[in-house]
Amino acid sequence: MKTLTEYLWFETQKKRELVRLTDTVAQLVKKSGVKEGFALVSAMHITAGVFVNDNEPGLFDDIWAWLEGLAPEKPEYRHHETGEDNADAHLKSLLIHHQVMVPITRGLLDLGTWQQVFYAEFDGQRRKRVIVKVMGE
Amino acid sequence: MKTLTEYLWFETQKKRELVRLTDTVAQLVKKSGVKEGFALVSAMHITAGVFVNDNEPGLFDDIWAWLEGLAPEKPEYRHHETGEDNADAHLKSLLIHHQVMVPITRGLLDLGTWQQVFYAEFDGQRRKRVIVKVMGE
Amino acid sequence: MKTLTEYLWFETQKKRELVRLTDTVAQLVKKSGVKEGFALVSAMHITAGVFVNDNEPGLFDDIWAWLEGLAPEKPEYRHHETGEDNADAHLKSLLIHHQVMVPITRGLLDLGTWQQVFYAEFDGQRRKRVIVKVMGE
């Protein structure tokens, strides 16, 4: 059995941003030497997410508008009594989920044609990270 | 370590449909020979989901109504400027999530009494697939 | 390859409750002897969830209010025609998701500083359980 663990660091320029990770994850899988297995891609923060969907800018706008509608930024959260102002980012993280498991087959990410892995930053402009953990043989 | 990879193909008659996968996944786990491990069940499309819940038709209606309320079909999505008309299917996929990991114990799916694995088609009537990847020993 | 499977039992005093699982999962990982691998933490019921987020009581209130807003308790669900009254608990489970995969590195849970694993009970006051399945080497 082989494993590989790497951490991807992000410091997005905007507070909210999507970063496509597919190629980076594919490179780490290659580096791992794993031919059959799984690659976990998981945010290590509670105000960020990781998801799989389409690499289409119009859809990105739709996703942001949708997240804002279902988990809006607003002052009236109990979490803000601690001095924080990012409760919406926590809820957006729960909604989109913070991790995906990518199957690896014959040494490659076994994704559908249109599937891309994204990091979703909901409270950026500071250093944050994602763990990529590959396990298999 | 053993692995098994299979692809399940779907071409639903309706645009939106639920397909119960539990028995198929259980058969693939048996075929794999894995006694202790994990079975990833993951949609390979960005307009479909995989989830675990109850096999109860009334609840299916509730799930569909709920998904439609939170991620409605409507013309006004930026994604539709590309000529597509299925942005709601992308959002429904993000909401329900596109994958589950089923634990395998003593060669069987280690699910609770009422847990069933479902494929959720949000934009069907064409050939789409799900990967089942089993890993363990 | 090593695996360990344990079941955590819950009988919450309230109908809805959050239970922090991080330390218990960490102990099971230690017990497993796995140094590099994954720990799946997965609810075995369809009216409960497992998620990773912040251990902050104000945020707990925000999460409950948010879940209630997006998946409200109300009489008018088709599922209730079966005699059940907990359709909202099913939808809350789908929204928050029923499982997480925790990476294990050098024998420890490889979580970010603020990441905690929670069990979310949406229909409690009876015995329910979570599977923790550790796999690695």
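Residues numbered from 1 in each chain as written. Chains lettered and ligands numbered in written order. Predicted model: local features only at pLDDT ≥ 70, side-chain atom pairs only at ≥ 80, totals over all residues. Heavy atoms only, no water.

### A word on the pattern of salt bridges
- Counted according to the given criterion, the structure contains 39 salt bridges over all chains.
- With its nearest N and O atoms 2.9 Å apart, the salt bridge here joins Arg16 of chain B to Asp88 of chain B. Taken as a pair, Arg16 of chain B in the loop between strand S1 (2-10) and strand S2 (17-20) and Asp88 of chain B in helix H3 (residues 87-96) lie far apart in primary sequence, 72 residues in all.
- A relative accessible area of 2% places Asp88 of chain B in the buried class.
- Put simply, Asp123 of chain B and Arg126 of chain B hold a salt bridge, and the shortest N to O gap is 3.0 Å.
- Given a relative accessible area of 11%, Asp123 of chain B falls into the buried group.
- Take Arg126 of chain B: its relative accessible area is 38%, and that puts it in the partly exposed class.
- Each of Lys15, Arg16, Glu68, Glu73, Asp88 and Lys92 of chain A takes part in salt bridges that share partners, so that together they form one network. (Salt bridge = Lys/Arg side-chain N within 4 Å of Asp/Glu carboxyl O. Helix = DSSP H or I, 4+ residues; strand = E, 2+ residues; numbered from the N terminus. Buried < 20%, exposed > 50% of the residue type's maximum accessible area, 1.4 Å probe, protein only.)

### Description of unusual backbone geometry
All names here are of chain A.
- In this structure, His97 is a non-glycine residue whose phi angle is positive, near 80 degrees.
- Counting through the fold element by element, His97 comes out in the loop between helix H3 (87-96) and strand S5 (99-105).
- For His97, a relative accessible area of 7% corresponds to the buried category.
- For Gln125, which is not glycine, the phi torsion reads 65 degrees and is therefore positive.
- Tracing the backbone shows Gln125 in the loop between strand S7 (116-121) and strand S8 (128-136).
- By relative accessible area, which is 48% here, Gln125 ends up partly exposed.

### Some thoughts on the relation of the copies chain A and chain B
- When chain A is fitted to chain B, the best match, at an RMSD of 0.0 Å, comes from turning it 120 degrees and sliding it 0.0 Å along the axis. The relationship between the two copies is best expressed as a three-fold rotation axis. (Least-squares fit on C-alpha atoms with pLDDT ≥ 70 in both.)

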